[in-house]
Amino acid sequence: MLVVTTNDIPGWEVRQVCGEVFGLTVRSRNAFSQMGAGFKSLVGGELRGMTSNLINSRNEVMGRMIDEARNRGANAVVAMRFDTSEMGDTWTEICAYGTAVVAVPVTDAARETAARLGYSQSGAPQQPSDQPSIPPQPASVG
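Please read all numbers here as calculations on a predicted model, not as lab measurements. (Residues numbered from 1 in each chain as written. Predicted model: local features only at pLDDT ≥ 70, side-chain atom pairs only at ≥ 80, totals over all residues. Heavy atoms only, no water.)

Trainee: Even after reading the chapter, I still don't get the overall build of the protein chain, so can you show me in this structure?
Mentor: For the protein chain, the count of helices and strands is three helices and four strands. Secondary structure elements in the protein chain, listed N-terminal to C-terminal, are β-β-α-α-β-β-α. In the protein chain, which comprises 142 residues, the share counted as buried stands at 32%. The long-range fraction of contacts in the protein chain, counting pairs at least 24 apart against all pairs at least 6 apart in sequence, stands at 68%. (Helix = DSSP H or I, 4+ residues; strand = E, 2+ residues; numbered from the N terminus. Buried < 20%, exposed > 50% of the residue type's maximum accessible area, 1.4 Å probe, protein only. Contact = heavy atoms within 4.5 Å.)

Below is the structure:
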């Protein structure tokens, strides 16, 4: 699945908009981790446990968003964003959202990207067992 933060995909044509998609999770912080983070904030530095938790959470919501896009028949998500908010003292909501679309490559560079991602010539993702089959475009004769 091609996921971009831009409103369009250079070299690709959006053929269909499948709608807004999102992935969501609400996480609770461990009380001991919270205390450790509080002590760490006194002296400064990275809160590695919190960073790791945020990375895992973002990956989880991205996966949920991508699954929803696939279920709608999309092969790409444009205008993807993350949103986070605090809920109470120890809960954090993390959301990934964007617009699911069906896009097809229309330039040689986009076709190369599609081949690397395993898309067919039509822009549809291939089944995992299939080999990408985007034949080279014939050279112009002039």
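Trainee: Which parts of the structure should I look at to understand the packing of aromatic side chains?
Mentor: Geometry of an aromatic ring pair is reported as the spacing of the ring centres plus the angle between the planes. The final tally for this structure, using the stated rule, is one aromatic pair. Centroid distance tryptophan 12 to tyrosine 119: 5.7 Å. Interplanar angle 80 degrees. Geometry classified as edge-to-face. In this pair, tryptophan 12 is assigned in strand β2 (residues 12–28) and tyrosine 119 in the segment after α3 (108–117), connecting sequence segments 107 residues apart. Summarising the burial analysis for this pair, tryptophan 12 and tyrosine 119 share the class buried. In this structure, arginine 58 packs its charged tip against the face of phenylalanine 82, placed 4.2 Å from the ring centre. (Phe/Tyr/Trp six-rings, centres within 6.5 Å; stacked < 30°, edge-to-face > 60°. Lys NZ or Arg CZ within 6 Å of the ring centre and 35° of its normal.)

Trainee: Would you take a moment to explain the environment of arginine 81 for this structure?
Mentor: Inspection of the secondary structure assignment puts arginine 81 in strand β3 (residues 76–87). The class of arginine 81 is partly exposed, set by a relative accessible area of 35%. Measuring from C-alpha to C-alpha, the distance between arginine 81 and tyrosine 97 comes to 5.4 Å, with 16 residues separating the pair along the chain. When neighbours within four sequence positions are excluded, arginine 81 is seen to be in contact with Thr5, Cys95, Ala96 and Tyr97. Among the polar contacts listed, one links the side chain of arginine 81 to the backbone oxygen of threonine 5, at a separation of 2.6 Å. (Polar contact = N/O pair within 3.5 Å; in protein donor to acceptor, adjacent residues only side chain to side chain.)

Trainee: Sorry, what's going on with the pairing of strand β4 (residues 91–105) here?
Mentor: Residues in a regular strand point their side chains to alternate faces of the sheet. Burial analysis of β4 places eleven of its 15 residues in the buried class, the great majority of the element. Bridging between β3 and β4 involves ten bridges; their strand directions are antiparallel. In the strand pairing of β4, alanine 76 is matched with valine 101. Here β3 hands over to β4 after three residues, with glycine 88 in that stretch at a positive phi of 70 degrees. (Pairing = 2+ DSSP bridges.)

Trainee: Any chance you could explain the sheet that holds β4 here in plain terms?
Mentor: The strand order across the open sheet built from four strands is β1-β3-β4-β2, with neighbouring strands paired in mixed fashion. Looking at strand neighbours, the two that pair on one side only are β1 (2–3) and β2, the edges of this open sheet. Note: β2 against β4, 15 bridges, orientation antiparallel. The residue of β4 that forms the bridge with valine 17 is valine 101. Across the sheet, helix α2 (residues 48–71) lies against β1, β2, β3 and β4, angled at about 140 degrees from β2, the strand it touches most. (Axes fitted to C-alpha atoms, helices over the stretch in contact; angles between N-to-C directions.)

Trainee: Looking at this structure, I do not really get unusual backbone geometry. What am I missing?
Mentor: The general pattern is negative phi for most residues beyond glycine and trans for most peptide bonds. A positive phi angle is found at alanine 79, which is not glycine, with a value near 55 degrees. You can see alanine 79 is positioned in strand β3. Taking the relative accessible area as the measure of exposure, alanine 79 reaches 19% and is therefore buried.

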